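One-letter residues, chain by chain:
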Amino acid sequence: MLCKTIIIFMLNSRLLRQFIAVAEELHYGRAALRVGIAQSPLSQAIQKLESHVGTPLFVRNKRSVALTPAGAVFLEEAYQWLRYERVAVERAQHAAGGDIGQLSLGYIGSAGYGFMPDLIGQFRRDYPQVKLRVFEMTTRDQLERIKGRYLDVGMLRTPLADDETLLASMRYQHDRLMCALPHTHRLAKRKSVALKELAHESFVAFTRQHVPAAHAQLISACATAGFYPQIDQESAQIGSVICLVAAGLSVALIPSNLQSLMHPKVSYVPLSDTTEFLKQEVGLAWRRDDANPALASFLQVATRLSVSPSSSPTS
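This one's a predicted model, so the numbers in the text were calculated from it and none came from an experiment.

Calculation rules
Residues numbered from 1 in each chain as written. Predicted model: local features only at pLDDT ≥ 70, side-chain atom pairs only at ≥ 80, totals over all residues. Heavy atoms only, no water. 1 Å grid on protein atoms, 1.4 Å probe; cavity = no way out; pocket = protein on both sides within 12 Å on 5 of 7 lines; lining within 4 Å. Points joined across faces, edges and corners; volume = space filled by probe spheres on them. Helix = DSSP H or I, 4+ residues; strand = E, 2+ residues; numbered from the N terminus. Nonpolar A, V, L, I, M, F, W, Y, C, P; charged D, E, K, R; others polar. Buried < 20%, exposed > 50% of the residue type's maximum accessible area, 1.4 Å probe, protein only. Pairing = 2+ DSSP bridges. Phe/Tyr/Trp six-rings, centres within 6.5 Å; stacked < 30°, edge-to-face > 60°. Lys NZ or Arg CZ within 6 Å of the ring centre and 35° of its normal.

Trainee: Pulling in residues and values, what's your account of the layout of surface pockets?
Mentor: Quantified by volume, the largest pocket comes out at close to 490 Å³. Around the largest pocket sit 20 residues that line it, and Arg157, Thr158, Pro159, Ala213 and Ala214 are the ones nearest its centre. Elements with a minimum of two residues in the lining of the largest pocket: helix 7 (139–147), strand 5 (153–158), helix 8 (212–224) and strand 11 (279–287). Tallied by class, residues from the lining of the largest pocket come to nine nonpolar, four polar and seven charged.

Trainee: I'd like a description of the pairing of strand 10 (residues 266–270), backed by residues and values.
Mentor: With four of its five residues buried, strand 10 lies for the most part within the structure. Two elements, strand 6 (residues 167–182) and strand 10, share five bridges in a ladder whose sense is antiparallel. Looking at the pairing, methionine 178 lines up with proline 270 of strand 10.

Trainee: A description of the packing of aromatic side chains should follow, citing residues and the corresponding values.
Mentor: Scanning all chains against the criterion turns up six aromatic pairs. Pairwise contacts between aromatic rings join Phe19, Phe58 and Phe74 into one cluster. Lying over the aromatic face of phenylalanine 206, arginine 157 brings its terminal NZ or CZ to 5.8 Å of the ring centre.

See below:
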């Protein structure tokens, strides 16, 4: 095995093609014309190859040329080697074009019930050879990992803070908060609820530490409605928020696209308030200097599928 490896490294594609020409033509004159060199240099090249291999590859006489058993085996290996070379070139070209490679993505839980499945599904169909690594995490964790080069792109709450100068972002989807209530709650059967009607309720909020934007949004929306929310429970994951509401411990404000997250003990009721603080924006973020071609391909798919009329890259 070691000898074979050493021999392969001593060869080159040109020499292998010269050998294949002689093996297929079994005539030095025709083989020389085929590879575009004189017959004498071709003969010398084959002799050099045989010296590297350590055994004759051809039986020669004045009338004919034939492969030795070793030559026949070497011919199959030469074909395989050139196939590997072609595949390597093709894969490198595809990688440069973003057709293959690897892409690491993060997403917030609410995006998993919104645009994320459609976007990733379409990207998978368009670029099936790109290996995807997908992680659920909060917006803050995504930003840290994108800047730390552990993620290529994040699906998170936007807009980004003004000091995120290393990152670029794309507004992707606008949403609106709604109320999640225990199914036995006095307001659960209503067609809509004014936020001020929840002034004396116990809230479950996204944690200030892990989801600061969502936490601040709850405070601002309630303040606009004239009260400060009584927050008795906190969670970093949307699934836990819904479970706490289902247990009857709290009410919550969650993105309206999470109506698909059905729970038999939770009722989702729209809010009648018109305050801007109930609006929510979700988008994509990535490093400005990320040269991963697969990222460029992903952003092209995202732009094409964007469900927001105002979606556009932001600098």
